[in-house]
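# An overview of the molecular structure
Listed below, chain by chain, are the residues.
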Amino acid sequence: MTKITIYHNPACGTSRNTLALIRHSGVEPEVIEYLKTPLNKEQLQQLLSDLGISARELLRQKGTLFDELNLSDPQWTDAELVDFMVQHPILMNRPVVVTPLGSKLCRPSEAVLDILPSPPQGAFSKEDGEVVINAQGQRV
């Protein structure tokens, strides 16, 4: 069985669509609701290393404490930004998916298709009706 992990926020449409795409490929992933079960500093640093991105690239700006904490200021180091995300998990952008083929911040949701070991089975549309995979199983 292929192990896939999604760091998920069920209140986020992109995260819900990503989870649905994973399930559509025939795999039930490990779902970590990171707002309920936040990552510790070591886990977040490992995730960033696996993603190959900086802490700043994983920061969620919209609808968070981003502006209030002035996190757009370049004075903040990656280590400090990691500390902010550990203290305030809502600052971590989502969804993040980890598969045997790699790790990826899946925005837009169909970015997950690049790292799924098995292709989704049949047509797939997002919650809003946007077609991602057509009836022939091809990515649109």
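What comes next concerns the included structure.

How each quantity is defined
- Residues numbered from 1 in each chain as written.
- Predicted model: local features only at pLDDT ≥ 70, side-chain atom pairs only at ≥ 80, totals over all residues.
- Heavy atoms only, no water.
- Pairing = 2+ DSSP bridges.
- Helix = DSSP H or I, 4+ residues; strand = E, 2+ residues; numbered from the N terminus.
- Axes fitted to C-alpha atoms, helices over the stretch in contact; angles between N-to-C directions.
- Contact = heavy atoms within 4.5 Å.
- Buried < 20%, exposed > 50% of the residue type's maximum accessible area, 1.4 Å probe, protein only.
- Salt bridge = Lys/Arg side-chain N within 4 Å of Asp/Glu carboxyl O.
- Parallel < 35°, antiparallel > 145°, perpendicular 65-115°, else oblique.
- Left-handed = near helix turned anticlockwise from the far one by under 90°.
- Polar contact = N/O pair within 3.5 Å; in protein donor to acceptor, adjacent residues only side chain to side chain.
- 1 Å grid on protein atoms, 1.4 Å probe; cavity = no way out; pocket = protein on both sides within 12 Å on 5 of 7 lines; lining within 4 Å.
- Points joined across faces, edges and corners; volume = space filled by probe spheres on them.
- Nonpolar A, V, L, I, M, F, W, Y, C, P; charged D, E, K, R; others polar.

## Some details on the sheet that holds strand 4 (residues 102–105)
- The 4 strands lie next to each other as 2-1-3-4, forming an open sheet whose pairing is mixed. Edge strands, defined here as strands with exactly one partner in the open sheet, are strand 2 (30–33) and strand 4. Looking at each pair of strands side by side, their axes are set apart by 15° on average, direction ignored.
- Seen against the sheet, helix 1 (residues 13–24) touches strand 1 (5–8), strand 2 and strand 3 (96–99) and runs at an angle of roughly 160° to strand 1.
- Running over the sheet, helix 2 (residues 41–51) touches strand 1, strand 3 and strand 4 and is turned about 100° from strand 4.

## Notes on the environment of Thr77
- Relative to the elements of secondary structure, Thr77 occurs in the loop between helix 3 (55–58) and helix 4 (78–87).
- Judged by relative accessible area, which is 40%, Thr77 ranks as partly exposed.
- Taking the C-alpha atoms as reference points, Thr77 and Arg107, 30 residues apart in sequence, are found 24 Å from one another.

## Concerning the pairing of strand 4
- Side-chain alternation along strand 4 places Ser103 and Leu105 on a buried face and Gly102 and Lys104 on a face that remains uncovered.
- Here strand 3 pairs with strand 4 via 4 bridges, running antiparallel. Bridging across to strand 4, Thr99 finds its partner in Gly102.
- Between strand 3 and strand 4, which pair antiparallel and follow one another directly, the connecting turn spans 2 residues.

## Focus on the pattern of salt bridges
- Counting across every chain of the model gives 9 salt bridges.
- Here Glu33 ties to Lys36 by a salt bridge, and the two come within 3.5 Å at their closest N and O atoms.
- Assessed through its relative accessible area of 26%, Glu33 is described here as partly exposed.
- What makes Lys36 exposed here is its relative accessible area of 66%.
- Note that Glu130 is salt-bridged to Lys126, the shortest N-O span being 3.5 Å.
- Among the charged side chains, a salt-bridge network with shared partners connects Lys104, Asp114 and Arg139.

## Re the packing of helix 2 against helix 4
- The N-to-C vectors of helix 2 and helix 4 enclose an angle of 120°; their axes lie 10 Å apart at closest approach. By the angle between their directions, the pair helix 2 and helix 4 is classed as oblique. Our pair here, helix 2 against helix 4, has a crossing hand that is right-handed. The residues of helix 4 that touch helix 2, namely those facing Lys41, Leu44, Gln45 and Leu48, are Val82, Asp83, Met85 and Val86.

## Description of the environment of Gln46
- Within the secondary structure layout, Gln46 lies in helix 2.
- Within the local environment of Gln46, its side chain forms a polar contact with the side chain of Asp50, the two groups lying 2.7 Å apart.

## Focus on empty space enclosed by the protein
- Considering all chains together, one arrives at 1 cavity of 30 Å³ or more under this definition.
- Approximately 40 Å³ is the volume attributed to the largest cavity.
- What lines the largest cavity is simply Tyr34, Pro38, Leu39, Leu44, Met85, Val86, Pro89 and Met92.
- Of the residues assigned to the lining of the largest cavity, the class counts are 8 nonpolar, no polar and no charged.

So far we have only geometry, and geometry alone does not tell us how the molecule works.
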